[in-house]
Amino acid sequence: MRAVGVLVALALVVAAAAPAAASPHNRVSLAAKCSQSYLPLPDPACTPGATNPDVTQSTIGSTICVSGWTSTIRPPTSYTNPLKQQGIVDYGYSDSKMSDYEEDHFLPLELGGAPKDPANLWPEPHSGDQNSYSKDSVENAVKKAVCAGKASLADAQHAMLTNWTTAESVLGIG
């Protein structure tokens, strides 16, 4: 009987040490707060970005380049709002008003970003010179270039994840 107790205790220790699955209530396990110093980019330690394995150069014709495709994979606000709320805390924003942020896919869905991976979602401010609205226009221009064959998907993803504010010029489309 003692051996069973030891096995149960060991199982509890292993379960407690295992990383938690991603969910709306488990954004990213953070050792420290996220830094705002990277704005208009997210802190790469907290939001490094993540790709959707269904989107590759060979599948863009049936995924991102199909009008309306992103609406078929976009997560509902019931999933993203808890992440946004936690992200506002994690990033230490003094303005905690949810409507002042977009729960943004750092690597956009229209460029093969992972829809539900918390590593690809962050509370992007609407305020500032380079904000959620200006990023949206860059995303659209870069997607258009990829679908027109003027940029590869890999190059576009790399440019967006490196610095979306320079992606158009890096790709030679701006």
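Computed from a predicted model, the values in this text were never measured in an experiment.

(A) Inspection of the pairing of strand β1 (residues 101-105) at higher detail. In terms of burial, β1 is largely enclosed, as four of its five residues are buried. Bridge count between β1 and strand β2 (residues 121-125): five bridges; the pairing is antiparallel. Considered in β2, the bridge of D104 is made with W122.

(B) Looking closely at the pattern of salt bridges. In the structure shown here, the tally under the stated rule is two salt bridges. Residue D104 pairs with K135 through a salt bridge whose shortest N-O separation is 2.8 Å. Here D104 is found in strand β1, whereas its partner K135 is found in helix α3 (residues 132-147), with 31 residues between them in sequence. The residue K135 makes a salt bridge to E139 at a minimum N-O spacing of 2.6 Å. Of this pair, K135 and E139 both sit in helix α3, separated by four residues, roughly a single helical turn. A residue is classified by how much of its surface remains accessible, and E139, at 4% relative accessible area, is buried.

(C) A look at helix α4 (residues 153-163). Buried within α4 are the following residues: L153, A156, Q157, A159 and M160. With its buried residues spanning 165 degrees around the axis, α4 presents them on a single face. Contacts from the buried residues of α4 go to α3 and α5 (167-171).

About the thresholds
- Residues numbered from 1 in each chain as written.
- Predicted model: local features only at pLDDT ≥ 70, side-chain atom pairs only at ≥ 80, totals over all residues.
- Heavy atoms only, no water.
- Buried < 20%, exposed > 50% of the residue type's maximum accessible area, 1.4 Å probe, protein only.
- Helix = DSSP H or I, 4+ residues; strand = E, 2+ residues; numbered from the N terminus.
- Pairing = 2+ DSSP bridges.
- Salt bridge = Lys/Arg side-chain N within 4 Å of Asp/Glu carboxyl O.
- Arc of directions from axis to C-beta.
- Contact = heavy atoms within 4.5 Å.

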